[in-house]
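Now for the letters of each chain:
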Amino acid sequence: MCSAIASVGRCSVLLPLPLAGAYDYLVPEGMDLQPGAVVRVPLGQRESLGVVWGPGGDIEAKRLRPVVERLGAAEIPEISRRFVDWVADYVVAPPGAVLRMVLSSSGLTEPPKPRRAWRLARPDAPPPPDLRMTPARARVLAVAADGLARAGSALAAEAGVSTGVIKGLVEAGILEGVLLPEAPWPQPDPARPGPELSERQEAAAESLTGAVAAGGFSATLLDGVTGAGKTEVYLEAVAAALAAGRQVLVLLPEIALSAQLLERFAGRFGTPPAAWHSELGQGQRRRTWRGVLEGKVKLVVGARSALFLPYRDLGLIVVDEEHEAAFKQEDGVTYHARDMAVARAHLGDLPVVLASATPSLESLTNVSIGRYRHEELPQRHGAALLPQAELIDLRKAPPPAIAALGQSWLSPPLREAVGETLSRGEQALLFLNRRGYAPLTLCRACGHRLQCPNCTAWLVEHRLAGRLQCHHCGHWARLPSRCPECEAEDSLAACGPGVERLAEEAALLFPDARRVVFSSDSVAGPSEAAQLVNAIAEREFDLIIGTQLVAKGHHFPQLTLVGVVDGDLGLAGGDLRAGERSFQLLQQVAGRAGRAERPGRAMIQTSDPDHPVMQAMARQDRTAFLAAESAARQQAVLPPFGRLVALILSAPYAEQADAAAALLAKHAPQQQGVRVLGPAPAPLAVLRGRHRRRFLVQGPRGRRLQPLIRDWLAAVRLPGAVRVSVDVDPLSFL
């Protein structure tokens, strides 16, 4: 293909834009272009970044424009380009839209700018007599006396002075500037010994390291209860891949909450891994991207987008907490990072490990049909035992009213258990998977409910921030003093609890406890999350009130009680996975208790203790619950025993959405074994000001629905104001 490009003098370039395919360009004489080269090309009246995708077609040369320039020396690897094409085909998206996730930042191919540092201009000469010597300047000179060049901020920090002191010494000619090359990437040491493993952990680790050594594609489900030591097991496979000189990717659902895990990686390999997530600055993103492309970065821990980095020699992928819905990308290109990770491993002929204490039904089904290997860790590591779940029937033990608050949310048994736990000097967690103060605000006078103007959703009160907010589009407003409908004064009432309201109740019931709220509203990014996690682990708080963020993989040795305030919360609605998700979340949050030598206890408040999810929790019977869930899905031909694709139309006006939906319905495919359900208004019928209609296409497990979807959409010409998004294997039905 390289010689073909040189011989025909043209190439096809894929642009990171949602276009139908690659465009052809002329290759200027003397420009060396090979597939994967990153180039800048003209596009209309502007220029665009692109990647050489092939030798080009047979369009007349006079109709083609030349490539402007090649950027960078390295090419996007062939396996990354194949992955782009595969993902685009599977999720029914333009390849350029997928390529945008590979070229995820501007200036990626630009060479790094040299870093400016400062050192003594005349290290052997005494300071000139006319230099006014202050204690601060003296400290700087003492630090710089070793002759090393340091960045201005680093020199100031080490000397305990402001950067203004450094600037003054530069202007006086005492310090001189030098340019430093880019610092080399610290390399993880796979030979560093890990912790001692149990017999069962050792067997699982040998299986995973054997897969790495054997090479070739394999998928293994590492299925271990909370606290079983799954991380230590898969770190052995990571070490084996690193020892072989290969790159390793570890995917996490919430990179902002991975502080403890990153510390464990650093402790195991002697240096932190390269992180990849949305909170990285542009400079660090560019450096990491180039390091991955050039093979200098050996270990990446990142969110789902890390899957699209241009790995030069990937040897292992680990998907931690593989069951998590956070791996599903809902905006832009819609994909599930767990499933795409398996596809990437298959394309690259390398092993993938899926780890979870509560595996998805999809992964367990793949185990049952022999597609995935299965390594089980049925017991916690060491002396720790799994907590027994206790159900509190709210019909028999309702929360008593509190004079200062009115309605309360903690039942007498849970209040008593929290009090006893705190009196023993242990930590307790109150779990409620609802942000803010209250999910609904209504007028006591006329019944008006405060709703988002852009979405069919209620505004959530965030009392600490003093505002109402929509969690779908981000709209917010100050809490009004009167009803906007009837203008009654002081008539607005908060309905239902959020974690802020629960914290208010906890402050009255347990005034001496050191309390903290742990939710996405209380942590602004990875650094704050890391600080809070460490503070909880170091016993700076007694009582934690948290959402699902606190349920994800944290290890708090002194936490012995988990109280689930509303165990029924996730069971409502038409989500086909509602039961499975609720069971997973309850198992995960219950697993935060008793992870060290002290026994743990989990109490779940419920108004429906006979629900299969609640009974499974009480009996610790995952097998029976999943068998029943599997049988129900199989009978209905629903995933993982059937295929689903969602089509969502949106338009500025309801009439436009209805007309487009009717047109699509008229051309709906009629094929045996395939059902087209809809159109119907989506549960969120208006989102960000656009009216939405939904189709669901259902087919048998062995049937590829993507060609059918493409043909269907190609047969219909919709107005420009109408957008259609395709969601293959949907998780959300909003």
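Everything numeric in this text was worked out from a predicted model, so none of it was measured.

Thresholds, definitions, all that
- Residues numbered from 1 in each chain as written.
- Predicted model: local features only at pLDDT ≥ 70, side-chain atom pairs only at ≥ 80, totals over all residues.
- Heavy atoms only, no water.
- Helix = DSSP H or I, 4+ residues; strand = E, 2+ residues; numbered from the N terminus.
- Rg over C-alpha atoms; globule rule 2.2 N^0.38 Å.
- Buried < 20%, exposed > 50% of the residue type's maximum accessible area, 1.4 Å probe, protein only.
- Lys, Arg positive; Asp, Glu negative; His and termini not counted.
- Charge placed at Lys NZ, Arg CZ, Asp CG, Glu CD.
- 1 Å grid on protein atoms, 1.4 Å probe; cavity = no way out; pocket = protein on both sides within 12 Å on 5 of 7 lines; lining within 4 Å.
- Points joined across faces, edges and corners; volume = space filled by probe spheres on them.
- Nonpolar A, V, L, I, M, F, W, Y, C, P; charged D, E, K, R; others polar.
- Contact = heavy atoms within 4.5 Å.
- Phe/Tyr/Trp six-rings, centres within 6.5 Å; stacked < 30°, edge-to-face > 60°.
- Lys NZ or Arg CZ within 6 Å of the ring centre and 35° of its normal.
- pLDDT = per-residue confidence, 0-100.
- Pairing = 2+ DSSP bridges.
- Axes fitted to C-alpha atoms, helices over the stretch in contact; angles between N-to-C directions.

Draft legend 1. Main features of the overall build of the protein. Regarding its fold elements, the protein presents 20 helices and 31 strands. Computed over its C-alpha atoms, the radius of gyration of the protein comes to 29 Å, within 12% of the 27 Å expected for a compact globule of 734 residues. Seen along its three principal axes, the alpha-carbon backbone of the protein occupies a region of about 80 × 80 × 65 Å. Counting the 734 residues in the protein, one finds 52% classified as buried. Between the averaged position of the 80 positive side-chain charges in the protein and that of its 76 negative side-chain charges there is a distance of 5 Å.

Draft legend 2. Seen up close, empty space enclosed by the protein. In the structure shown here, the tally under the stated rule is three cavities of 30 Å³ or more. Put simply, the largest cavity is a space of about 70 Å³. In the lining of the largest cavity, the residues fall into eight nonpolar, two polar and two charged. Taken as a whole, the second largest cavity holds about 40 Å³ of empty space. In terms of lining, the second largest cavity is formed by Tyr-90, Val-91, Lys-328, Thr-334, Tyr-335, His-336, Asp-339, Met-340, Val-728 and Asp-729.

Draft legend 3. Inspection of helix H9 (residues 259–269) at higher detail. For H9, every residue scored as buried is listed here: Ala-259, Gln-260, Leu-261, Phe-265, Arg-268 and Phe-269. Where the residues of H9 are buried, they touch helix H8 (230–243), strand E9 (247–251), strand E11 (299–302), strand E12 (314–320) and helix H15 (526–537). Downstream of H9 by one or two residues, Gly-270 has phi in the positive range, about 85°.

Draft legend 4. Quick look at the layout of surface pockets. Reported here for the second largest pocket is a volume of approximately 900 Å³. Lining of the second largest pocket is provided by 34 residues; of these, Tyr-90, Asp-339, Arg-371, Arg-643 and Asp-729 occupy positions nearest its centre. Sort the elements by how many residues they give to the lining of the second largest pocket and helix H11 (residues 337–348) lands first, with seven residues. For the lining of the second largest pocket, the per-class residue count stands at 16 nonpolar, seven polar and 11 charged.

Draft legend 5. A look at the packing of aromatic side chains. Going through the model one piece at a time under the given rule, you end up with six aromatic pairs. Relative to Tyr-335, the ring of Phe-308 has its centre 5.3 Å away and its plane inclined at 80°; by these criteria the two rings are edge-to-face. With Phe-308 in the loop between E11 and E12 and Tyr-335 in strand E14 (residues 335–336), this residue pair connects regions lying 27 residues apart in the sequence. Their ring planes at 80° and their centres at 5.4 Å tell us that Phe-695 and Trp-712 sit as a pair that is edge-to-face. With a gap of 17 residues between them, Phe-695 in strand E30 (residues 690–700) and Trp-712 in helix H20 (residues 706–714) connect regions that are remote in the sequence. Accessibility assignment for this pair places Phe-695 and Trp-712 in one class, buried. Ring pairing ties together the aromatic residues Phe-83, Phe-308 and Tyr-335, which thus form one cluster. For Arg-285, the ring lying beneath its charged end belongs to Trp-276, and the centroid distance is 4.3 Å.

Draft legend 6. Looking closely at the confidence of the model for the protein. Of all residues in the protein, 98% attain a pLDDT of 70 or more, and the chain-wide mean is 90. Ranking the elements of the protein by mean pLDDT puts helix H1 (residues 2–8) last, at 53, and H11 first, at 98.

Draft legend 7. Structural context of the sheet that holds strand E2 (residues 23–26). One open sheet holds the five strands; their spatial order is E2-E1-E4-E3-E5, and the pairing between them is antiparallel. The open sheet has two edge strands, E2 and strand E5 (69–71), and neither has a second partner. For this sheet the average axis-to-axis angle between neighbouring strands, irrespective of direction, equals 50°. One ladder, built from three bridges, connects strand E3 (residues 38–43) with E5; its direction is antiparallel. In the sheet register, Val-39 faces E5, and the bridge partner there is Arg-70. The strands touched by helix H2 (residues 78–91) within the sheet are strand E1 (10–14) and strand E4 (46–54), with E4 carrying the most contacts at an inclination of about 100°.

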